[in-house]
Amino acid sequence: MTTDIAAQYLEEAHRQMRGHKRLAEGAMAQLKDDELFILPDPESNSIAVIVKHMAGNMRSRFTDFLTSDGEKPDRYRDQEFELSPATTRADLTKWWEEGWACVFAALEALKPEDVTRTVTIRGEPHTVLQAINRQIAHYAYHTGQIVFLAKHIRSSKWKTLSIPKGRSEDYKTAAPKPYKPMS
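Residues numbered from 1 in each chain as written. Predicted model: local features only at pLDDT ≥ 70, side-chain atom pairs only at ≥ 80, totals over all residues. Heavy atoms only, no water.

A. Layout of the overall build of the protein chain. On a plain count of helices and strands, the protein chain comes out with five helices and two strands. When its C-alpha atoms are laid out on the principal axes, the protein chain stretches across 50 × 50 × 25 Å. In the protein chain, buried positions account for 37% of the 183 residues. Sequence-distant contacts, at least 24 apart, represent 74% of the contacts inside the protein chain between residues at least 6 apart. A total of about 11,100 Å² of accessible surface is found on the protein chain, and carbon and sulfur atoms cover 56% of it. In the protein chain, 26 positive and 25 negative side-chain charges are present, and the distance between their average locations comes to 6 Å. (Helix = DSSP H or I, 4+ residues; strand = E, 2+ residues; numbered from the N terminus. Buried < 20%, exposed > 50% of the residue type's maximum accessible area, 1.4 Å probe, protein only. Contact = heavy atoms within 4.5 Å. Areas by Shrake-Rupley, 256 points an atom, 1.4 Å probe, with all protein chains shown as cover. Lys, Arg positive; Asp, Glu negative; His and termini not counted. Charge placed at Lys NZ, Arg CZ, Asp CG, Glu CD.)

Shown next as C-alpha coordinates:
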(Lines give C-alpha, C1' and ligand atoms only; values in the text may rest on other atoms or scores of the structure.)
Protein backbone atom coordinates (compact mmCIF):
# COMPACT_ATOMS: atom_id res chain seq x y z
CA MET A 1 0.00 0.00 0.00
CA THR A 2 1.43 3.36 -0.92
CA THR A 3 2.09 5.84 1.84
CA ASP A 4 -0.39 8.32 0.34
CA ILE A 5 -3.22 5.78 0.20
CA ALA A 6 -2.40 4.55 3.71
CA ALA A 7 -2.49 8.13 5.03
CA GLN A 8 -5.85 8.67 3.36
CA TYR A 9 -7.13 5.42 4.84
CA LEU A 10 -6.10 6.48 8.36
CA GLU A 11 -7.76 9.86 7.89
CA GLU A 12 -10.95 8.19 6.66
CA ALA A 13 -10.95 5.68 9.53
CA HIS A 14 -10.62 8.56 11.99
CA ARG A 15 -13.45 10.45 10.24
CA GLN A 16 -15.75 7.41 10.41
CA MET A 17 -14.99 6.83 14.09
CA ARG A 18 -15.76 10.49 14.86
CA GLY A 19 -19.00 10.13 12.91
CA HIS A 20 -20.12 7.06 14.89
CA LYS A 21 -19.32 8.83 18.16
CA ARG A 22 -21.21 11.97 17.12
CA LEU A 23 -24.26 10.02 15.89
CA ALA A 24 -24.57 7.97 19.09
CA GLU A 25 -24.12 11.09 21.21
CA GLY A 26 -26.83 12.88 19.22
CA ALA A 27 -29.21 10.04 20.01
CA MET A 28 -28.29 9.77 23.68
CA ALA A 29 -28.57 13.54 24.18
CA GLN A 30 -32.28 13.28 23.39
CA LEU A 31 -32.91 10.85 26.24
CA LYS A 32 -33.71 11.45 29.88
CA ASP A 33 -31.30 9.76 32.26
CA ASP A 34 -33.67 6.89 33.11
CA GLU A 35 -34.37 6.24 29.42
CA LEU A 36 -30.75 5.16 28.91
CA PHE A 37 -31.50 2.12 31.08
CA ILE A 38 -34.74 0.95 29.41
CA LEU A 39 -34.69 -2.71 28.41
CA PRO A 40 -37.01 -3.39 25.46
CA ASP A 41 -37.27 -7.00 26.64
CA PRO A 42 -35.33 -9.34 28.96
CA GLU A 43 -33.05 -10.58 26.15
CA SER A 44 -32.14 -7.11 24.86
CA ASN A 45 -29.58 -4.58 25.99
CA SER A 46 -30.28 -1.07 27.15
CA ILE A 47 -28.37 1.84 25.67
CA ALA A 48 -26.44 1.98 28.95
CA VAL A 49 -25.29 -1.62 28.53
CA ILE A 50 -24.30 -1.00 24.90
CA VAL A 51 -22.25 2.02 25.99
CA LYS A 52 -20.52 0.01 28.72
CA HIS A 53 -19.74 -2.79 26.26
CA MET A 54 -18.44 -0.43 23.59
CA ALA A 55 -16.22 1.35 26.11
CA GLY A 56 -14.78 -1.94 27.33
CA ASN A 57 -14.16 -3.07 23.78
CA MET A 58 -12.49 0.23 22.87
CA ARG A 59 -10.18 0.11 25.87
CA SER A 60 -9.23 -3.47 25.13
CA ARG A 61 -8.75 -3.13 21.39
CA PHE A 62 -6.96 0.22 21.28
CA THR A 63 -4.78 0.29 24.41
CA ASP A 64 -1.24 -0.58 23.30
CA PHE A 65 -2.77 -1.19 19.88
CA LEU A 66 0.43 -2.07 18.03
CA THR A 67 2.15 -3.95 20.84
CA SER A 68 -0.37 -6.11 22.69
CA ASP A 69 -3.25 -8.39 21.83
CA GLY A 70 -6.54 -6.54 21.35
CA GLU A 71 -8.23 -8.80 23.88
CA LYS A 72 -6.60 -7.70 27.13
CA PRO A 73 -6.26 -10.24 29.96
CA ASP A 74 -7.96 -7.80 32.36
CA ARG A 75 -11.06 -7.46 30.19
CA TYR A 76 -14.08 -9.32 31.52
CA ARG A 77 -16.46 -8.94 28.59
CA ASP A 78 -19.44 -10.59 30.32
CA GLN A 79 -19.33 -7.89 33.01
CA GLU A 80 -19.81 -5.26 30.31
CA PHE A 81 -23.38 -6.52 30.02
CA GLU A 82 -24.13 -6.02 33.71
CA LEU A 83 -24.95 -2.72 35.39
CA SER A 84 -25.12 -1.81 39.03
CA PRO A 85 -28.38 -0.17 40.12
CA ALA A 86 -26.19 2.79 41.13
CA THR A 87 -24.91 3.34 37.56
CA THR A 88 -25.62 6.89 36.37
CA ARG A 89 -25.47 8.88 33.12
CA ALA A 90 -22.25 10.38 34.48
CA ASP A 91 -20.75 6.87 34.74
CA LEU A 92 -21.78 6.12 31.18
CA THR A 93 -20.35 9.40 29.93
CA LYS A 94 -17.05 8.72 31.72
CA TRP A 95 -16.77 5.20 30.24
CA TRP A 96 -17.77 6.47 26.80
CA GLU A 97 -15.22 9.29 26.76
CA GLU A 98 -12.44 7.08 28.13
CA GLY A 99 -13.16 4.45 25.48
CA TRP A 100 -13.14 6.93 22.62
CA ALA A 101 -9.98 8.54 24.01
CA CYS A 102 -8.25 5.15 23.59
CA VAL A 103 -9.52 4.88 20.01
CA PHE A 104 -8.44 8.35 18.96
CA ALA A 105 -5.07 8.22 20.74
CA ALA A 106 -4.26 4.96 18.95
CA LEU A 107 -5.41 6.22 15.55
CA GLU A 108 -3.55 9.51 15.88
CA ALA A 109 -0.33 7.69 16.77
CA LEU A 110 -0.43 5.55 13.63
CA LYS A 111 1.79 6.31 10.68
CA PRO A 112 0.96 5.30 7.10
CA GLU A 113 3.60 2.56 7.20
CA ASP A 114 1.77 0.98 10.19
CA VAL A 115 -1.31 0.12 8.09
CA THR A 116 0.21 -3.15 6.86
CA ARG A 117 1.73 -4.15 10.21
CA THR A 118 0.31 -7.17 11.99
CA VAL A 119 -1.60 -6.93 15.27
CA THR A 120 -3.53 -9.65 17.06
CA ILE A 121 -7.03 -9.87 18.44
CA ARG A 122 -7.63 -12.96 20.58
CA GLY A 123 -4.38 -14.35 19.16
CA GLU A 124 -5.60 -14.03 15.57
CA PRO A 125 -3.36 -11.96 13.28
CA HIS A 126 -4.82 -8.94 11.48
CA THR A 127 -3.22 -6.16 9.53
CA VAL A 128 -3.76 -2.81 11.20
CA LEU A 129 -6.14 -2.03 8.33
CA GLN A 130 -8.17 -5.18 9.03
CA ALA A 131 -8.22 -4.52 12.78
CA ILE A 132 -9.44 -0.96 12.29
CA ASN A 133 -12.08 -2.04 9.76
CA ARG A 134 -13.27 -4.69 12.20
CA GLN A 135 -13.77 -2.03 14.87
CA ILE A 136 -15.42 0.48 12.54
CA ALA A 137 -17.97 -2.20 11.65
CA HIS A 138 -18.45 -3.16 15.30
CA TYR A 139 -18.99 0.44 16.42
CA ALA A 140 -21.32 1.13 13.48
CA TYR A 141 -23.41 -1.88 14.52
CA HIS A 142 -23.75 -0.66 18.10
CA THR A 143 -24.26 2.98 17.07
CA GLY A 144 -27.19 1.79 14.97
CA GLN A 145 -28.60 -0.01 18.00
CA ILE A 146 -28.27 3.13 20.13
CA VAL A 147 -29.98 5.29 17.51
CA PHE A 148 -32.75 2.74 16.95
CA LEU A 149 -33.47 2.39 20.67
CA ALA A 150 -33.34 6.14 21.29
CA LYS A 151 -35.68 6.81 18.36
CA HIS A 152 -38.08 4.12 19.63
CA ILE A 153 -38.00 5.54 23.16
CA ARG A 154 -38.52 9.17 22.07
CA SER A 155 -41.14 8.26 19.45
CA SER A 156 -42.85 11.44 18.19
CA LYS A 157 -40.43 13.59 20.22
CA TRP A 158 -37.44 12.24 18.26
CA LYS A 159 -35.35 14.83 16.43
CA THR A 160 -33.83 13.27 13.35
CA LEU A 161 -30.06 12.97 13.09
CA SER A 162 -30.09 12.73 9.30
CA ILE A 163 -32.49 13.63 6.49
CA PRO A 164 -36.01 14.05 7.90
CA LYS A 165 -38.82 11.84 6.58
CA GLY A 166 -40.41 13.36 3.54
CA ARG A 167 -37.48 15.72 2.91
CA SER A 168 -35.23 13.59 0.70
CA GLU A 169 -36.15 15.53 -2.42
CA ASP A 170 -34.91 18.75 -0.78
CA TYR A 171 -31.45 17.24 -0.55
CA LYS A 172 -31.40 16.36 -4.24
CA THR A 173 -31.80 20.02 -5.18
CA ALA A 174 -29.57 21.50 -2.48
CA ALA A 175 -26.25 22.97 -3.56
CA PRO A 176 -23.51 20.37 -3.13
CA LYS A 177 -21.03 20.88 -0.35
CA PRO A 178 -17.58 21.85 -1.61
CA TYR A 179 -15.08 19.04 -1.98
CA LYS A 180 -12.48 18.93 0.74
CA PRO A 181 -9.38 17.08 -0.39
CA MET A 182 -7.73 14.84 2.16
CA SER A 183 -4.59 16.30 3.58
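On we go from here.
B. The side chain of D114, seen in detail. Mapped onto the elements of the fold, D114 is located in the loop between α3 (89-109) and β1 (118-121). D114 gets classed as buried once you look at its relative accessible area, which sits at 7%. Beyond its immediate stretch of four places on either side in the chain, D114 contacts L66, A109 and V128.

C. Looking closely at helix α4 (residues 128-154). Taking 1.5 Å of rise per residue, the 27 residues of α4 would be expected to cover 39 Å, and the 38 Å separating its terminal C-alpha atoms lies within 8% of that figure. After α4 finishes, the residue S155 shows a positive phi value of roughly 50°. (Expected span 1.5 Å × (residues − 1).)

D. Representation of the packing of helix α2 (residues 47-62) against α4 in the model. In the contact formed by α2 and α4, the axes pass within 10 Å of each other and the chain directions differ by 165°. Classified by the interaxial angle, the pair formed by α2 and α4 is roughly antiparallel. Judged by the sense of rotation from one axis to the other, the crossing of α2 with α4 is left-handed. Contacts between α2 and α4 pair I47, I50, V51, H53, M54, N57, M58, R61 and F62 from the former with R134, Q135, H138, Y139, H142, T143, Q145, I146, L149 and A150 from the latter. Tallied by class, the residues present in the contact of α2 with α4 amount to ten nonpolar, seven polar and two charged. (Axes fitted to C-alpha atoms, helices over the stretch in contact; angles between N-to-C directions. Parallel < 35°, antiparallel > 145°, perpendicular 65-115°, else oblique. Left-handed = near helix turned anticlockwise from the far one by under 90°. Nonpolar A, V, L, I, M, F, W, Y, C, P; charged D, E, K, R; others polar.)

E. Region of interest: the packing of α2 against α3. Put simply, α2 and α3 touch, their axes get as near as 8 Å, and they point 30° apart. Of the possible angle classes, the one that applies to α2 and α3 is roughly parallel. The two elements α2 and α3 cross, and the hand of that crossing is left-handed. Residues A48, V51, K52, M54, A55, M58, R59 and F62 of α2 touch α3, and the partners they reach there are L92, W95, W96, G99, W100, C102, V103 and A106. When its residues are assigned to classes, the contact of α2 with α3 shows 13 nonpolar, one polar and two charged.

F. Looking closely at the packing of aromatic side chains. Under the defined criterion, the tally for this structure stands at four aromatic pairs. With a centroid separation of 5.7 Å and 70° between ring planes, the pair formed by W96 and W100 is classed as edge-to-face. Pair noted here: W96 and W100 are both in helix α3, with a separation of four residues, about one helical turn. The pair formed by W96 and W100 is uniform in burial state, with each residue classed as buried. (Phe/Tyr/Trp six-rings, centres within 6.5 Å; stacked < 30°, edge-to-face > 60°.)

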